[in-house]
Amino acid sequence: MDNKLNKENKVIRQINETLNRSFGKTIDNATQNQLYKAFAITVKNEIMDKWSSSDFTKDNKQVYYLSIEFLMGRALSNNILNIGRQKEYQEACKLLGLDFDSIASKEPDAGLGNGGLGRLAACFMDSLATLDLPAQGCGIRYEYGLFRQKIIDGQQVEYPDTWLEDGNVWEIERLEEKVEVHFGGQISESWEGDKLRFVHSGYSTVLAVPYDMPIIGYMNNRINSLRLWKAVSPKRIDMASFNRGEYLKAIEEREMAEVLSHILYPEDKHYEGKSLRLKQHYFFVSATMQMIVSRFLKTNLPLDKLPEKAVIHINDTHPALAIPELMRILMDEQGLGWDEAWDITSRMFAYTNHTIMAEALEKWPEQLFIQILPRIYSIVKEINERFCAMVHRDFPHKRADIHKIAIIAYGQIAMAPLCIAGSYSVNGVSQLHSQIIKDETFKDYSAVFPSKFTNVTNGVTHRRWLMLSNPMLTELITEKIGNDWISDPVQLIELKKYINDNEFLEKFDEIKKLNKRKLAKYIKRTTGITVSEDSIFDVQVKRLHEYKRQLMNVIRILYDYLQILSDPDKFKDLTPVTCIFAAKAAPGYNRAKTIIKLINDVAEKINNDPRVMDKIKVVFLENYSVSLAQIIFPASDISQQISTASKEASGTGNMKFMMNGALTLGTMDGANVEIHESVGVENIYIFGYDANTVQQIYKTGQYDPMKYVNEDFILKTALDMLIDGSLNPERLNLYKEIYESLVSSKHGMSDQYLILGDFKSYKQAHDKMIKDYNNRFEWNKKALINVSQSGRFSSDISIANYNKKIWKLK
Ligand code: 26W
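Reference entry: report on the structure contained in this document.

Cut-off values and rules
Residues numbered from 1 in each chain as written. Predicted model: local features only at pLDDT ≥ 70, side-chain atom pairs only at ≥ 80, totals over all residues. Heavy atoms only, no water. Phe/Tyr/Trp six-rings, centres within 6.5 Å; stacked < 30°, edge-to-face > 60°. Helix = DSSP H or I, 4+ residues; strand = E, 2+ residues; numbered from the N terminus. Buried < 20%, exposed > 50% of the residue type's maximum accessible area, 1.4 Å probe, protein only. Lys NZ or Arg CZ within 6 Å of the ring centre and 35° of its normal. Polar contact = N/O pair within 3.5 Å; in protein donor to acceptor, adjacent residues only side chain to side chain. Contact = heavy atoms within 4.5 Å. Near = heavy atom within 4 Å. Areas by Shrake-Rupley, 256 points an atom, 1.4 Å probe, with all protein chains shown as cover. Nonpolar A, V, L, I, M, F, W, Y, C, P; charged D, E, K, R; others polar. Expected span 1.5 Å × (residues − 1). Pairing = 2+ DSSP bridges. Axes fitted to C-alpha atoms, helices over the stretch in contact; angles between N-to-C directions. Salt bridge = Lys/Arg side-chain N within 4 Å of Asp/Glu carboxyl O. Arc of directions from axis to C-beta.

**Notes on the packing of aromatic side chains**
- For the structure on display, the rule yields 18 aromatic pairs.
- Relative to Y802, the ring of F124 has its centre 5.5 Å away and its plane inclined at 70 degrees; by these criteria the two rings are edge-to-face. Residue F124 is found in helix α7 (residues 116–130), and its partner Y802 is found in helix α34 (residues 795–807); the two are separated by 678 residues along the sequence. There is no split in this pair, since F124 and Y802 are both buried.
- Cluster of aromatic residues (ring-pair linked, three or more members): Y65, F124, Y802 and W807.
- Taking NZ or CZ as reference, R227 lies 5.7 Å from the ring centre of W229, over its face.
- The ring centre of Y589 lies 4.4 Å from the NZ or CZ of K269, which sits over that ring.

**Quick word on the side chain of H545**
- You can see H545 is positioned in the loop between β20 (536–541) and α23 (550–566).
- For H545, the side chain forms a polar contact with the side chain of D268, separated by 2.9 Å.
- With residues up to four places along the chain from it excluded, the contact list for H545 reads D268, K269, Q550 and Y589.

**Notes on the site of the ligand**
- Lining the immediate surroundings of the ligand are 20 residues, of which H354, N458, E648, S650 and G651 lie closest.
- Contact distances for the ligand include 3.3 Å between an oxygen atom and a backbone N or O atom of A649.
- A distance of 2.8 Å separates an oxygen atom of the ligand from a polar atom in the backbone of G651.
- Coverage of the ligand by the protein amounts to 96% of the 580 Å² it exposes when considered alone.
- Here the shell around the ligand gets three residues from one element, more than from any other, and that element is α7.
- Classifying every residue of the shell around the ligand gives seven nonpolar, eight polar and five charged.

**Re α23**
- Relative to the 24 Å expected for 17 residues at 1.5 Å per residue, α23 spans 25 Å between its end C-alpha atoms, a close match to the ideal helical length.
- The element α23 is largely enclosed, with a buried count of 15 among its 17 residues.

**Focus on the sheet that holds strand β25 (residues 685–686)**
- If you trace the six strands from one edge of the open sheet to the other, you get β22-β21-β20-β23-β24-β25, paired in parallel fashion. A strand with exactly one partner marks an edge of an open sheet, and here the two such strands are β22 (616–620) and β25.
- Bridge count between β20 and strand β23 (residues 638–641): two bridges; the pairing is parallel. Counterpart to V539 in the pairing with β23 is S639.
- Along the sheet, helix α22 (residues 502–527) makes contact with β20, β21 (577–582) and β22, crossing β20 at roughly 65 degrees.
- The strands touched by helix α32 (residues 755–773) are β20, β21, β23, β24 (663–666) and β25; relative to β24, the strand with the most contacts, the crossing angle is about 165 degrees.

**Focus: unusual backbone geometry**
- Non-glycine residue D614 carries a positive phi angle of around 60 degrees.
- Mapped onto the fold, D614 is located in the loop between α24 (590–607) and β22.
- Not every positive phi belongs to a glycine, and K808 is a case in point at roughly 55 degrees.
- With respect to the helices and strands, the residue K808 is situated in the segment after α34.
- Exposure remark for K808: the relative accessible area of 55% places this residue in the exposed category.

**Some words on the environment of L734**
- Looking at the element boundaries, L734 is found in the loop between α30 (713–720) and α31 (736–743).
- Along the backbone, L734 and I223 are 511 residues apart, and their C-alpha atoms lie at a distance of 52 Å.

**A short note on the sheet that holds strand β15 (residues 363–365)**
- Taken in spatial order, the three strands of this open sheet run β15-β17-β16, and their pairing is antiparallel. The sheet is open, and its two edges are formed by β15 and β16 (408–409), each paired on a single side.
- In the sheet, β15 pairs with strand β17 (residues 412–414) via three bridges, with the strands oriented antiparallel. The residue of β17 that forms the bridge with P365 is Q412.

**Overview of the pairing of strand β11 (residues 204–216)**
- With respect to burial, β11 is a largely interior element, eleven of its 13 residues being buried.
- Here two bridges tie strand β7 (residues 172–173) to β11, and the two strands are oriented antiparallel to one another. Paired with E173 across the strands is Y211, a residue of β11.
- Of the pairings in the sheet, the one linking β11 to strand β12 (residues 223–232) comprises ten bridges and is antiparallel in character. Looking across to β12, one finds that M213 is bridged to L226.
- Linkage of β11 to β12, two consecutive antiparallel strands, is achieved through a turn of six residues, within which M219 is found at a positive phi near 50 degrees.

**Description of the pattern of salt bridges**
- The final tally for this structure, using the stated rule, is 52 salt bridges.
- The partner of R197 in a salt bridge is E192, with the nearest N and O atoms 3.3 Å apart.
- For R197, a relative accessible area of 23% puts it in the partly exposed group.
- A residue is classified by how much of its surface remains accessible, and E192, at 48% relative accessible area, is partly exposed.
- One salt bridge connects K617 with D614, and the closest N-O pair in it is separated by 3.7 Å.

**Re α34**
- Over its 13 residues, α34 extends only 15 Å from the first C-alpha to the last, a length that falls short of the 18 Å expected when each residue adds 1.5 Å.
- Among all positions of α34, only S795, D796, S798, I799, Y802, N803, I806 and W807 are buried. The arc enclosing the buried residues of α34, seen along the axis, measures out at 160 degrees, which places them on a common side.
- A side-chain oxygen of the first residue of α34 lies 3.0 Å from the backbone nitrogen of D796; this N-cap is S794.
- Of the residues one or two after α34, K808 is the one with positive phi, at around 55 degrees.

Note that every value here comes from positions in space, so none of it alone points to a role or purpose.
See the structure below:
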């Protein structure tokens, strides 16, 4: 090591200083973990000035993005990228002989989300800061994020995700900004002059303590905050004075309070009417709304100006209680009457819906709600009564249906209607999805409030999902078209100039191959399976859900397997395919867990059958996470987006694949429709029923899966493998229910995901892709067109649209 050179390097000097001060170490004797922390602290120190100056200012309107999930992933590399210092940090590592990636990998993922909804919130945070918009994310500082998944004997086993165990360098605790949140108790009414007052007593208190993490805009001066609330018991504070008996009781109470921020619920489909979850929701929205109002009060403006200073975005219905909570604060704490409070509140909220799956639409048992949130209940009840009265008065033809559209009915409180009634804007997350919520899911509400409904298509940050994940492709792009695309991603369109440029396409191909080599190494290291970097990487990575149809993919793999066995000669020139899966299943979702087991059983069978001649390999990667996704997307050739049409609200993985030059195999669902529109029919592989046909089948009940089985002997044989012991001879019944659900044609019993109905066209489209891949020049052209069209799906564009259509910040 050249010491003189090193001393002159500013980054090295700073890191050395940090190591010395924080750990009493030098670069030569620090552990990798200490090195990571020293890097992170150094970056944080670099941004502190800017962070304090981008703090809340009273001049500008600000958006508060409320979300029960923020799936941030790792921050170090992203932050270095966004402050524009990648070169300096890389140079420093080179001088020191350190491997930056391995240091960065010491950072635990912030996995505070299940999937699409949580990751969208993270991409939006990045784009908000980059577009220089004043914004704050607000959520819960879960002690445990989404569980860590291990695959043992082919089965998912869940372990706690202890991401905070070793501290979190990025966060700042702001104890002085803690607020109280109240649960339970009674409400009494009293008249104060001509005002009816509500007094809440006998409640229990939980303290909400905020922790802020910096959200750094790309190469600008803005640093927004992600504020996550931790639940703390107020009892802790006077613990010392307690005698022994009270001490135990105090501990118990403390645990009851602090459990609120212990764990992220791992469900992203079945909403459950659990009291802990209801408390979590109220906990973080109450803290957030109190913060917003108290900040506003410091401006000394009259309360009716609040909507000019703050807009509150509700990410799905989980933060819905922010609406009645603001009403409570304005009335009970600020002394406004109902009409004044409602006038303010109803101008401040915007709501995004992320799913039409009926079982995911939140409803709370009325009794539970009354018990936990008595005052909020009385406000929701009043909102409901006024809403129903308005419908009754203004929409006489809807009178007979009022029980269907009410917020409270049949002993349940429905959150989506509350959000729609209390927000000035309601949007879906892709053109198709927004159409469906307007015309089907929420049609009664769109008839009442037609002007509230709009669309903003999802997007993903190209900084994390292209620049960070795929540095080689980023460099090639910038070398050719300059770097304007970074701040204006639509400029990626300039890449079109190279679609007939042999030299360019060869480089493009080489980069894909190097990324595949990296993934192949990861696969070898984590699963022991050898896959060829020359095989087609055919990938389906996302949460495990029946509607996403991982099962259809597995059946197709079995089908291909049987085809090869039946005529090996015919397939000896076939390009080998590596089928890659990664997916977590909700711990209580048994069918999803069985499908994981099935994928692993199929992998075991095929990978170890010499007759397959390595033409098919099946790999299930455990513990799908943001960091793993960053390795997978750049290395993928085929992007499987095969949901039953109408079920996937948007999808965002589809965009990440496209950005990295994978070709989509998909149904006309969610954002696939817009990807298809962008790249043109030659550059995407679309198959299957469209959303209208699916609705038609549901309406008529005309679906006869056995017809498809009887037409196709190989399909029949593939399905038989589920029940004839080919896969799991010791547990013959393991896949019996799955088999039966696929083939049953009894009305009401049949497979609502229509797997066998779509199977033939899926198989054909897949075959065509495998064949087309052989013409690599043409394939790479298509891939390049996908990259060049992906700018439209940057979250920068989504955020610009949110601002233009909904928030209207300066
Ligand atoms: C209460 C249980 C629960 C929890 C989370 C129900 C539903 C959810 C989310 C709304 C599920 C979700 O993540 N939806 C996904 O949102 C993405 C971002 O908009 C879309 O791209 C996906 O299509 C959608 O499934």
